[in-house]
Amino acid sequence: MFWYDHDVSGWGWFTMSVGMILFWAVLIALGVMLFRTLSRSDDSPTSSGTAPRRPAGSTAEQLLAERFARGEIDEDEYRHRLAVLHGTGDSGPRLSKS
């Protein structure tokens, strides 16, 4: 009976098309998230590529030593700031050379 009416009507085509687009969008999004999760490591630079991630326990002395090692500050400024961190430095402000 009614063998001629087995095709999908207008709304059926619309919902089927939207369903397929959503299905592929979710599948691709899951693939991208899985790839990003598996390819991420703690030693890799951040997504912008500017600086590596620092451990959560970085102290002010370690950060100061890193700046000195990179050449951002000179030896006098390093010693002055280290003395201030230890509480033995002078209390006056100091202008940096950079």
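About the cut-offs
- Residues numbered from 1 in each chain as written.
- Predicted model: local features only at pLDDT ≥ 70, side-chain atom pairs only at ≥ 80, totals over all residues.
- Heavy atoms only, no water.
- Helix = DSSP H or I, 4+ residues; strand = E, 2+ residues; numbered from the N terminus.
- Buried < 20%, exposed > 50% of the residue type's maximum accessible area, 1.4 Å probe, protein only.
- Contact = heavy atoms within 4.5 Å.
- Areas by Shrake-Rupley, 256 points an atom, 1.4 Å probe, with all protein chains shown as cover.
- Axes fitted to C-alpha atoms, helices over the stretch in contact; angles between N-to-C directions.
- Parallel < 35°, antiparallel > 145°, perpendicular 65-115°, else oblique.
- Nonpolar A, V, L, I, M, F, W, Y, C, P; charged D, E, K, R; others polar.
- pLDDT = per-residue confidence, 0-100.
- Phe/Tyr/Trp six-rings, centres within 6.5 Å; stacked < 30°, edge-to-face > 60°.

1. Some thoughts on the overall build of the chain
Thinking step 1. Scanning the chain for helices and strands turns up 3 helices and 0 strands.
Thinking step 2. What you see in the chain, going N to C, is helices and strands ordered as α-α-α.
Thinking step 3. Burial status across the chain gives 7% buried among its 98 residues.
Thinking step 4. Partitioning the contacts of the chain with sequence separation of at least 6, the portion at a separation of at least 24 is 11%.
Thinking step 5. Total accessible area on the chain stands at roughly 8800 Å², and carbon and sulfur atoms take up 64% of it.

2. Regarding the packing of helix H2 (residues 60-70) against helix H3 (residues 75-86)
Thinking step 1. The geometry of H2 relative to H3 is characterised by a closest axis approach of 10 Å and an angle of 175 degrees between their N-to-C directions. Taken as axis vectors, H2 and H3 run roughly antiparallel relative to one another. Every residue of H3 that contacts H2 at Ala60, Glu61, Leu64, Ala65, Arg67 and Phe68 is listed here: Glu75, Tyr78, Arg81, Leu82, Leu85 and His86.
Thinking step 2. Counted by class, the contact of H2 with H3 contains 7 nonpolar, 1 polar and 4 charged residues.

3. Digging into the confidence of the model for the chain
Thinking step 1. Taken as a whole, the chain shows an average pLDDT of 78; of its residues, 64% reach a score of 70 or greater.
Thinking step 2. Model confidence for the chain, summarised as mean pLDDT per element, is weakest for H3 at 90 and strongest for helix H1 (residues 10-39) at 92.

4. Topic: the packing of aromatic side chains
Thinking step 1. Counted according to the given criterion, the structure contains 2 aromatic pairs.
Thinking step 2. Ring centres of Phe23 and Trp24 lie 5.2 Å apart, and the angle between their planes is 75 degrees; on these two criteria the pair is classed as edge-to-face.
Thinking step 3. A relative accessible area of 45% means that Phe23 is categorised as partly exposed.
Thinking step 4. For Trp24, a relative accessible area of 45% translates into the label partly exposed.

5. So, the environment of Leu82
Thinking step 1. Relative to the helices and strands, Leu82 is located in helix H3.
Thinking step 2. In this structure the C-alpha to C-alpha distance between Leu82 and Leu64, which are 18 residues apart in sequence, comes to 7.7 Å.
Thinking step 3. Aside from chain neighbours lying at most four places away, what touches Leu82 is Glu61 and Leu64.

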